[in-house]
Amino acid sequence: MNLLKLRLMLEQFLLEDIGDRDLSASIFNKQEKGSIIFIAKEQGIFAGGDIIRTVFSLLDSSTSATVHVSEGGMVEEGQKLAVVEGQISELLKGERVALNLVQRMSGIATVTREAVDALGRSKSRITDTRKTTPGLRMIEKYAVRCGGGVNHRYGLYDAVMIKDNHIAFAGSITEAISAARKSLGHMVKIEVETETEEQVAEAVEAGVDCIMFDNRKPEEIQSWIKRVPHGILTEASGGISFNKLPEYGETGVNYISLGYITHSAAALDISVKVEA
């Protein structure tokens, strides 16, 4: 993750929660020290060590945070994940922001790892989408990588994705791709959504970089992918459930994009306790 962006993000999250003071933590003075521990309450994949370190350092630079689990590492129920030592008042101010984000990220990493494992020996890779929480895209996509997935485009600015509405406005796949090439040049990758075999053939002829098979059944993809030369990447997307992943992994696509790994992942159950 970009640590500068992370610090700016976390400053805003802390400001939202603390405001101008923490009324509850005001019962402790600055001289009182203590330590808290992050504990896993269920099995899963950990992500968010930088969150823990950065949140508490922003509140008090003398705070010491030790993370005991590597990013993307498996954790078991009852396992100690991290210990943070410092001023009690500052530990109490930061614990909720840190915990909320680590639970969210670890939940995404866990669901992603489950999807990756479901593919077995398939060479297809699990990738995310732009279906992320506004403001949290950077850390949610980072969590996908911790779970063994790869990132699709980060936003509208780093790759062209020609969807059905783009095609409708442009008049055809060929026209849309031609306009993109003229506007952006050869250094920008172009992907196009396809829903019919004829669209696949048109995209290939137009020289697209990546073809997405949108909301297609595995048997359709297996048939249509034969028309795609090796130099063009392929992606399956749209309504792909966890149980169907092995079938899609057998189609030969390079990537399988899943929106649910970010927008519907349940937070991993983690708690913060005072270390005795």
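The following paragraphs examine the structure supplied in this document. Starting from 1, residues in each chain are numbered consecutively following that chain's sequence as written. With pLDDT at 70 or above as the cut-off, local features in this predicted model cover only qualifying residues; side-chain atom pairs require 80 or more to be listed or tallied, and sums for whole chains, interfaces and linings still use all residues. To get the side-chain values, all heavy atoms of the structure are used, and hydrogens and water are removed first.

1. Some thoughts on the overall build of the protein
Consideration 1: Helix numbering and strand numbering both begin at the N terminus, where a helix is a DSSP run of H or I of at least 4 residues and a strand a DSSP run of E of at least 2. When helices and strands are counted, the protein shows 10 helices and 12 strands.
Consideration 2: We call two residues in contact when some of their heavy atoms are within 4.5 Å. For the protein, long-range pairs separated by at least 24 residues make up 69% of all intrachain contacts whose partners lie at least 6 apart in sequence.
Consideration 3: Computed by Shrake-Rupley with a 1.4 Å probe, the accessible areas treat only the displayed protein chains as cover when residues are assessed. When the accessible surface of the protein is split by element, carbon and sulfur atoms take 50% of a total near 14,000 Å².
Consideration 4: Looking at charge distribution, the protein has the averaged site of its 31 positive side-chain charges lying 2 Å from that of its 38 negative ones. The charged-residue count follows a simple rule in which Lys and Arg add positive charge and Asp and Glu add negative charge, with His and chain termini not counted at all. The atom standing in for a charge is NZ when the residue is Lys, CZ when it is Arg, CG when it is Asp and CD when it is Glu.

2. Thoughts on helix α3 (residues 88-118)
Consideration 1: Multiply 1.5 Å by the residue count of a helix minus one, and that product is the helix's expected span. In this model α3 runs 44 Å from its N-terminal to its C-terminal C-alpha over 31 residues, within 8% of the 45 Å that 1.5 Å per residue would give.
Consideration 2: If you look at α3, its biggest bend is around 35°, right at Glu95.
Consideration 3: Per-residue accessibility, obtained with a 1.4 Å probe over protein chains only, is compared with the maximum for each type, and a residue is labelled buried under 20%, exposed over 50%, and partly exposed between these values. Within α3, 22 of the 31 residues are buried, which leaves it mostly tucked inside the rest of the structure.
Consideration 4: One or two residues past the end of α3 sits Gly120, with phi positive at roughly 60°. A residue's bend is simply the angle between two axes: one fitted to the seven residues ending at it, one to the seven starting at it.

3. Concerning the pairing of strand β1 (residues 33-40)
Consideration 1: Across the 8 residues of β1, 6 count as buried, placing the element largely inside the fold.
Consideration 2: Strands pair, by our definition, only if DSSP identifies at least two bridges between them. Where β1 meets strand β5 (residues 80-87), 7 bridges bridge the pair, whose relative direction is antiparallel. Looking at β5, one finds that Gly34 is bridged to Gly86.
Consideration 3: Sheet topology note: the β1/strand β12 (residues 270-274) ladder contains 5 bridges and is antiparallel. Note on β12: the bridge partner recorded for Ala40 is Ile270.

4. Considerations on the packing of aromatic side chains
Consideration 1: In this analysis, rings of Phe, Tyr and Trp, with Trp reduced to its six-membered ring, are considered paired at centre separations within 6.5 Å, and the interplanar angle assigns stacked below 30 degrees, edge-to-face beyond 60, and tilted for intermediate values. This model, assessed by the stated rule, comprises 1 aromatic pair.
Consideration 2: With centroids separated by 6.5 Å and ring planes inclined at 75°, the aromatic side chains of Phe38 and Phe56 adopt a geometry described as edge-to-face. In this pair, Phe38 is assigned in strand β1 and Phe56 in helix α2 (residues 49-59), connecting sequence segments 18 residues apart.
Consideration 3: In this structure Phe56 comes out as buried when scored by relative accessible area, which is 1%.
Consideration 4: Only when the NZ of Lys or the CZ of Arg is both within 6 Å of the ring centre and within 35 degrees of the ring normal is a charge said to sit over the ring. Against the face of Tyr154 rests Lys141, its NZ or CZ located 5.3 Å from the ring centre.

5. What about unusual backbone geometry?
Consideration 1: One non-glycine residue, Asn215, adopts positive backbone phi at about 55°.
Consideration 2: With respect to the element layout, Asn215 can be found in the loop between β9 (210-214) and α8 (218-224).

6. Focus: the nonpolar core
Consideration 1: By size, the foremost hydrophobic cluster in this structure holds 72 residues, and its most contacted members are Phe38, Ile51, Phe56, Ile139, Ile211, Phe213 and Ile256.
Consideration 2: The element contributing the most residues to this core is α3, with 11 residues. As used here, the term nonpolar core means buried Ala, Val, Leu, Ile, Met, Phe, Trp, Tyr and Cys residues forming a set that is joined through side-chain atoms within 4.5 Å.

7. Structural notes on the environment of Asp22
Consideration 1: Relative to the elements of secondary structure, Asp22 occurs in the loop between α1 (3-18) and β1.
Consideration 2: Through-space distance from the C-alpha of Asp22 to that of Leu92 is 8.7 Å; in sequence the pair is 70 residues apart.
Consideration 3: Apart from residues no more than four positions distant in its own chain, Asp22 is found in contact with Leu92 and Lys93.
Consideration 4: At a separation of 3.1 Å, a polar atom in the side chain of Asp22 contacts the main-chain amide nitrogen of Ser24. Polar contact is the term for a pair of N or O atoms within 3.5 Å; when the atoms are in protein, one must be able to donate a hydrogen and the other to accept it, and sequence-neighboring residues count only if both atoms are side-chain atoms.

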